[in-house]
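Breakdown of the fold
Listed here are the chains, written in short residue letters.
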Amino acid sequence: MLDFPTWKKAWLWLVTLACALAALPSLVALTGARWPAVLPEPMVNLGLDLAGGSHILLEADSRQVAQQRLETMDESVRAAMRLAEPRIQIGDISTSGGRLSFMLANPADIDRARELLIPLMNGTGLRSDWTLSVVDQTRFVLTPTQAGLDQAVKDAMSTATEVVRKRIDALGTREPTIIRQGDLRIVVQVPGLQDPTALKALLGQTAKLEFKLVDQTALPSDVAQGIAPPGTQIFPFAEGSPQQGQSLAVRRLGGIRGDSLTNAVAGVNPQTNEPLVNIQFDSQGGQRFADLTTRNVNKPFAIILDGKVLSAPNINEPILGGAAQISGSFTAESANNLAIALRSGALPVDLTVIEERTVGPDLGADSIEKGAVALLVGLGLLMVFMILTYGRFGLYTCASLILNVLMILGVMAWLGGAAALTLPGIAGLVLTVGAAVDANVLINERIREERARGRRVVQAVEAGYKEASRAIFDANITNTIAAVIMFMFGSGPIRGFAVVLMIGIVTSVFTAVTLTRMWVAGWLRRARPADIVL
Amino acid sequence: MKLLKLIPDNTNIRFLRWRIPFYAVSLLLMAASVGLLFTKGLNLGVDFVGGQMIRMTFVGQPAAPLADLRARIDRLGYGEPIIQQFGGPNAVSVRMRLPEEGAERAAVAARMTTQITATVRQAYPRVRIDGVDSVSGKASDELFSDGMLALVLAAIGISIYIWIRFEWQFGVGALFALVHDVTLTLGLFSLTQMEFDLNIVAALLTLIGYSLNDNIVVYDRVRENLMKYRKMPIAELLDLSVNETLSRTVVTSLSLLITLVALLILGPDVIFGFTAAITMGIFVGTYSSIYMATPILIWLGLKSDSFVPAESAADRQERIARGEA
């Protein structure tokens, strides 16, 4: 037990120093001094609650994804039936209950219709995204499969994460963290961001842009009451537009979506000085836009963003170059936001902010300072107490305590972003210092007892370390259980606390048991004391 | 050099003689805590009930102008604010309700933050906005259920570990001591109406871990003594175990308290509640390891031979053959 060959000592010191020295750059930074640039510089990462910044949790609604799939399927089915040779006549398509169902006008078409539908239902690989059943010989019912739906949600979320990343990058914020969480959530963390209003406005915008022809035959009284004539949809005007509060009927089919843009930039109208957004379609989209505008000169078309009509200008002449302007009561900022949103693509699903935490920068600095003072004072008092209680053995405890603090910080510095120091983490650090002495107390008390039972010095020390190790082990396992559960269930700051506890458990066993045993063994060998004061 | 001895050698306090009155008091306190939780309840923060909390510090002022602040924010028409001191006397948290789910909520939250901070800044130019927390009802429900699940899982996980390492009586004893510690700490939070947020759940998890340290040390000694003194009556043996480990219990608890009190007095204001919960837990935990977790072993039927390997049938026959009782 007390035998420490040189290689073992060298190895222990190597581990200790490798961890403890890594804490130095962070400590030097805390005092405000400069760390020499030639040396490696592992730094303890600070959590958002200490560094200041914004944490935003976004959630998507899976029902919306399901609804969109139904709509897409609706369009595909119509197109397939229309394009069939000869055309297959079908009745209205109902999408109620999350299923698609429609009647065939002629039951003889059943096999042809089925053949046309099968390619639409297949997903990737062998999985089928929809199941088809035929009721009463004429009614087709298409039901989405759970696997297909799950895949659609998954795809939508990875696209959404990408879009969120692009938008945040466009804002020019530094080092944002964007992580998928669970099935439907995205966590966005932006260190240093003090006012997340702009960010939230940007992320809250789905940026689904549509150009649709205005239905001029609709009666204004019907539209006002929300009665849509067949083949049309009603959209309200956007907030801030001159027609706010009114609605507009547009043709359901034959429009263009704004998801085929190559660029979007904010600009101003040279005549009126009003902010607007210049967009550029890709070649395919440009072609379709040219067709639409050529066929409908002198008719109004609506520019619809996220289900709200921005404006409904007249098509004065065909627009052939694939470039267009979106006008509609913008401020310079909202025009810029829309340009960013359009450039980064539309979100496949709306995202709602369900949790937001923003921390100012001063609070963190204040907390670090107070935490450091509390740690130093606590450590100082504790060291006095240990020396008073255990004499020479207390001195060893003190040395192991200091190394313990350095090693925890050092390991965190090596881990970098994986283990950020948070506000509760500071408490964890101070607490770990208090708890780390427990191992030494157990050992020292045991040595004391063994001496009282008449054992000789070396045997008493050996028995002390051996008998105490069982309780030390069990106690640390229970603390690990608590810390792991905290890590699994906790959010940001609490995870930081759990990380400190877990690292602290390992380093405190190492410093309080292994290192002190090495020191005590060395002393016993050198001094060969006949008695120990304990 | 003469060393400090808080507990003299050969201390022999007969703790277990008083186990019934102490149990009675503890059970009463637990009942009172549960009663408080049902009547007064916990002052749940936005983490658990949803809503919005803005923290601000009135730099350079001795105390926050609570009444004026309340009046000004009330006038904005978002409902009545809950304003509480938070850390130092010049720091407050302003809590507001948010409308339930829907797209509206996020917009209202954003507008509310802007208006409240603008209003306060206008009246007190030197105010420092320390943070804004905005949690939807859905997110807060999840945080609450996750937190409670974590507590239950930790308590059960640790008890199972102790059951495996010791005997089932020890597992039950540990679980009972845990419930005792957590209940009394919750009772304190209900009594003082300190804000109960996510951090406090972390504190409860921590105190579960640490208060068990004491249990384990005593239990470990009980196990050792059971194997050493097979004939000793169980109550006497438990007393001996508690006394033998008493010095360690006192020194360790004192060490933890030294650092915790330093943290309470000098540490960051924002984690005062968190530190208070752990400090309370250390007190209660030390007491419960002596008076809750240990006597229960007697009532759970721990016998002097609990750790003696069971006698095989062959051994038994041989013993009977030898004519031993």
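These figures come from a predicted structure and were not determined experimentally.

Residues and elements named next belong to chain A. Sheet architecture is open: three strands sit in the order 11-12-15, paired in antiparallel fashion. One side of each edge strand has no neighbouring strand; the edge strands of this open sheet are strand 11 (261–268) and strand 15 (323–326). Each strand of the sheet is rotated relative to its neighbour by a mean of 25 degrees, with strand direction disregarded. Direction of pairing for strand 11 relative to strand 12 (residues 275–281): antiparallel, over a ladder of seven bridges. By the bridge assignment for strand 12, Gly267 is matched with Leu276. Against the sheet, helix 10 (residues 332–343) engages strand 11, strand 12 and strand 15, with an angle of about 175 degrees to strand 11.

To continue, consider the side chain of His55 of chain A. Residues and elements named next belong to chain A. Among the secondary structure elements, His55 is positioned in strand 1 (residues 53–60). For His55, a relative accessible area of 15% corresponds to the buried category. Engagement of the side chain of His55 in a polar contact is seen with the side chain of Gln189, the distance being 2.9 Å. Sequence-distant contacts of His55, that is, excluding residues within four places in its chain, are made with Leu48, Val187, Val188, Gln189, Glu355, Glu356 and Arg357.

Here we come to the interface of chain A and chain B. Every contact between the two is made by 67 residues of chain A and, on the other side, 70 residues of chain B. Across the interface of chain A and chain B, roughly 6,100 Å² is buried in total on both sides, 64% from carbon and sulfur atoms. For the pair chain A and chain B, the interface holds 12 salt bridges. With a shortest N-O distance of 2.8 Å, Arg221 of chain B and Glu449 of chain A are connected by a salt bridge. The greatest single-element share of the side of chain A that touches chain B, amounting to 19 residues, is contributed by helix 11 (residues 361–415) of chain A. A class-by-class count of the residues in the side of chain A that touches chain B yields 38 nonpolar, 11 polar and 18 charged. Two elements, strand 16 (residues 351–359) of chain A and strand 5 (residues 127–135) of chain B, share five bridges in a ladder whose sense is antiparallel. If you follow Val359 of chain A over to strand 5 of chain B, its bridge partner there is Gly131 of chain B.

Residues and elements named next belong to chain A. For helix 12 (residues 423–452), built from 30 residues, the straight-helix expectation of 44 Å at 1.5 Å per residue is met to within 8% by its first-to-last C-alpha distance of 45 Å. With 28 of its 30 residues buried, helix 12 lies for the most part within the structure. The first or second residue beyond helix 12 is Gly454, which carries a positive phi of 100 degrees.

Another aspect to go through is the pattern of salt bridges. All names here are of chain A. If you walk through the whole model with that rule in mind, you get 39 salt bridges over all chains. Between Glu467 and Arg470 there is a salt bridge, with the nearest N and O atoms lying 3.8 Å from each other. You can see Glu467 and its partner Arg470 sitting in helix 13 (residues 457–489), three residues apart, about one turn around the helix. The class of Arg470 is partly exposed, set by a relative accessible area of 28%.

Residues and elements named next belong to chain A. Spatial strand order, 10-7-13-14: four strands in an open sheet with antiparallel pairing. Only two strands of the sheet have a single neighbouring strand rather than two, namely strand 10 (256–257) and strand 14 (308–311). In terms of strand pairing, strand 7 (residues 209–213) meets strand 13 (residues 301–305) through five bridges, oriented antiparallel. Each bridged residue has a counterpart across the sheet, and for Phe211 the counterpart in strand 13 is Ile303.

Moving on to the pairing of strand 12 of chain A. Residues and elements named next belong to chain A. A large share of strand 12 lies buried, amounting to five of its seven residues. Counting the residues between successive antiparallel strands, the hairpin from strand 11 to strand 12 contains six residues, one of them, Asn273, with a positive phi of roughly 65 degrees. With four bridges joining them, strand 12 and strand 15 adopt antiparallel strand pairing. Note on strand 15: the bridge partner recorded for Ile279 is Ala324.

Reading guide: rules and limits
- Residues numbered from 1 in each chain as written.
- Chains lettered and ligands numbered in written order.
- Predicted model: local features only at pLDDT ≥ 70, side-chain atom pairs only at ≥ 80, totals over all residues.
- Heavy atoms only, no water.
- Pairing = 2+ DSSP bridges.
- Helix = DSSP H or I, 4+ residues; strand = E, 2+ residues; numbered from the N terminus.
- Axes fitted to C-alpha atoms, helices over the stretch in contact; angles between N-to-C directions.
- Contact = heavy atoms within 4.5 Å.
- Buried < 20%, exposed > 50% of the residue type's maximum accessible area, 1.4 Å probe, protein only.
- Polar contact = N/O pair within 3.5 Å; in protein donor to acceptor, adjacent residues only side chain to side chain.
- Buried area = accessible area lost by both parts, 1.4 Å probe.
- Salt bridge = Lys/Arg side-chain N within 4 Å of Asp/Glu carboxyl O.
- Nonpolar A, V, L, I, M, F, W, Y, C, P; charged D, E, K, R; others polar.
- Expected span 1.5 Å × (residues − 1).

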